[in-house]
Protein chains: 2
Amino acid sequence: MTAKPTLVLVGAGNVATHLGAALQKAGFDIKAVYSKTEISAHRLAKALATAYTTSLDNLPAADIYLVAVKDDALPEVAQQLKIGSGIIAHTCGSVDMDILKGSAASYGVLYPLQTFSKTREVNISQVPFCVEGCDEETTSKLEFVARSLSSNVHYLNSDQRQVLHVAAVFACNFTNHMYALAENILQQKHIPFNILLPLIEETAAKVKEHSPHAAQTGPAARGDQGIMQKHIELLKDDETAQAIYKLVSYSIGEGK
Amino acid sequence: MTAKPTLVLVGAGNVATHLGAALQKAGFDIKAVYSKTEISAHRLAKALATAYTTSLDNLPAADIYLVAVKDDALPEVAQQLKIGSGIIAHTCGSVDMDILKGSAASYGVLYPLQTFSKTREVNISQVPFCVEGCDEETTSKLEFVARSLSSNVHYLNSDQRQVLHVAAVFACNFTNHMYALAENILQQKHIPFNILLPLIEETAAKVKEHSPHAAQTGPAARGDQGIMQKHIELLKDDETAQAIYKLVSYSIGEGK
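Residues numbered from 1 in each chain as written. Chains lettered and ligands numbered in written order. Predicted model: local features only at pLDDT ≥ 70, side-chain atom pairs only at ≥ 80, totals over all residues. Heavy atoms only, no water.

### Quick notes on unusual backbone geometry
The residue His190(A) is not glycine, and still its phi comes out positive at about 55°. Topologically, His190(A) is positioned in the loop between helix H5 (158–188) and helix H6 (197–206). (Helix = DSSP H or I, 4+ residues; strand = E, 2+ residues; numbered from the N terminus.)

### Section: the packing of aromatic side chains
Inspection of the entire model under this criterion finds eight aromatic pairs over all chains. Aromatic pair Phe28(A) and Phe144(A): ring centres 6.4 Å apart, planes at 75°, arrangement edge-to-face. In this pair, Phe28(A) is assigned in the loop between helix H1 (14–25) and strand S2 (30–34) and Phe144(A) in helix H4 (residues 136–149), connecting sequence segments 116 residues apart. The buried category is assigned to Phe28(A), whose relative accessible area is 4%. Taking relative accessible area as the criterion, Phe144(A) reaches 28% and is therefore assigned partly exposed. Seen from their ring centres, Tyr245(A) and Phe170(B) are 6.1 Å apart, and the 55° between their planes marks the pair as tilted. Remark: Phe170(B) occurs in helix H5 (residues 158–188) and Tyr245(A) occurs in helix H10 (residues 239–254); the pair is interchain, linking two chains. Put simply, the rings of Phe170(A), Phe174(A) and Tyr245(B) touch in pairs and so form one group of aromatic residues. (Phe/Tyr/Trp six-rings, centres within 6.5 Å; stacked < 30°, edge-to-face > 60°. Buried < 20%, exposed > 50% of the residue type's maximum accessible area, 1.4 Å probe, protein only.)

### Overview of the packing of H5(A) against helix H9 (residues 225–234) of chain B
Relative to each other, H5(A) and H9(B) sit at 100°, their axes nearing to 10 Å. Here H5(A) is positioned roughly perpendicular relative to H9(B), judged by the angle of their axes. Here H5(A) contributes Gln162(A), Val163(A), His165(A), Val166(A) and Val169(A) to the contact with H9(B), which in turn contributes Ile227(B), Lys230(B), His231(B) and Leu234(B). The residue inventory of the contact of H5(A) with H9(B), partitioned by class, reads five nonpolar, three polar and one charged. (Axes fitted to C-alpha atoms, helices over the stretch in contact; angles between N-to-C directions. Parallel < 35°, antiparallel > 145°, perpendicular 65-115°, else oblique. Contact = heavy atoms within 4.5 Å. Nonpolar A, V, L, I, M, F, W, Y, C, P; charged D, E, K, R; others polar.)

### What about the interface of chain A and chain B?
Counting residues at the interface gives 92 residues for chain A, matched by 92 residues for chain B. Buried area between chain A and chain B, summed over both chains or domains, comes out near 8,800 Å², and the portion from carbon and sulfur atoms is 68%. Seen at the junction of chain A and chain B, the total is eight salt bridges. Notably, a salt bridge pairs Glu209(A) with Arg120(B), separated by 3.0 Å at the nearest N-O pair. At the junction of chain A and chain B, the tally comes to 32 residue pairs in polar contact (both at pLDDT 80 or more). Put simply, the parts of the chain that give the side of chain A that touches chain B at least two residues each are H5, H6, helix H7 (212–215), helix H8 (219–222), helix H9 (225–234) and H10 of chain A. Top element by residues in the side of chain A that touches chain B is H5(A). It accounts for 27 residues. Across the side of chain A that touches chain B, the residue classes tally to 49 nonpolar, 27 polar and 16 charged. (Buried area = accessible area lost by both parts, 1.4 Å probe. Salt bridge = Lys/Arg side-chain N within 4 Å of Asp/Glu carboxyl O. Polar contact = N/O pair within 3.5 Å; in protein donor to acceptor, adjacent residues only side chain to side chain.)

Take it as geometry only, folks, not as evidence of what the structure does.
Now the structure itself:
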């Protein structure tokens, strides 16, 4: 491939915003941004100094159409979007590549494994990208795009990517919810959440060196029933948090 | 207080090892190390170039006896340990200060909020220390010790500290268990755990800027039932992980 492929961004949410900025920085020409919400399409197009549209029948020609919409919006977009030439690729963890089969002859997936928020910069060069294509040429073109953004690129088929997405829900969303429950608990006694930040940082840093199974500490890992009973009692005003305490402690014990 | 108080370390596990090294580095004179296990007492005493004993009746005179044993070993130590003068302080999150009432006239708590492993260095100067004393003079002496080690010192009474410990179990032990479950899930498809490290790091970094409630993303936060059903199906071979997926997703939804 001599020249960088041209792109159209379908979607204007967190993923599209972060990828769009990174792709432009890496020298890709983004021909247009689509969103069904005009204000979102306009906002991202403005940031990328490009055109926007709110109609899927109206996309300019491009080498790659990158569909960065929420997983549950993907079926509708896939059904409406038909292109004559070029590649269509989606960015979702849990959706099979084949959802795009009817949209183009060449289709694939470019899944960035990261949690994106509009207000935080993410170092894209460290983000793992998982690539899959309907044939070797498509895979290789998508891999070229991924490697232009990051040094951390993997080939994963749809089955593997779906399993990875479940694992990511545990490692990111559920982890973040453990932080949220901790914040709720501290609020009862007016203790600021930031007292936990060094502990949170060290817990995340530890698993760079050791498997999380080996790194486990605390009352459940020690089988300290006395402390666990005391904690369950302290959580009596929050049934859900109490049930999570019991179930996760049981699961830790099961792994010993 | 002109000179630094002298110390005896009661315990030779992870907490005693990390605190002992930090205290010595900060210029404290550690008179001896006690452990009921001779090999542990000897190992830590050697590292600190000090004496050791396996008998609680045989401790040298010191200003502060720091009892860094596991929470469930504390009642026995407290019952056996009686000192004429000086302060006794324990380092446990979930044990009331008053457990030491019969051991000395002056007693208190010096609780470092961190997860310590023998094989990892921890930057003690960032560790939050929670201090409590039976009277103002004791509190102030323990606070002096804490401030010699760290710039992050808090006064917390026993009720607050116990609530903090529950919150720490969620933010550290349960978080680490989410990592462990993610590792199990990836192993099914031979995907290496380290693919998750940038996501784990970003999830931990995000809550330095935003409340975890505001930072939440993912299928449960979006109420995406389709993806959640697919994930629950993918977890069908691990009943406990499946139950955790359902319960934590429900809890995330509850907070919306």
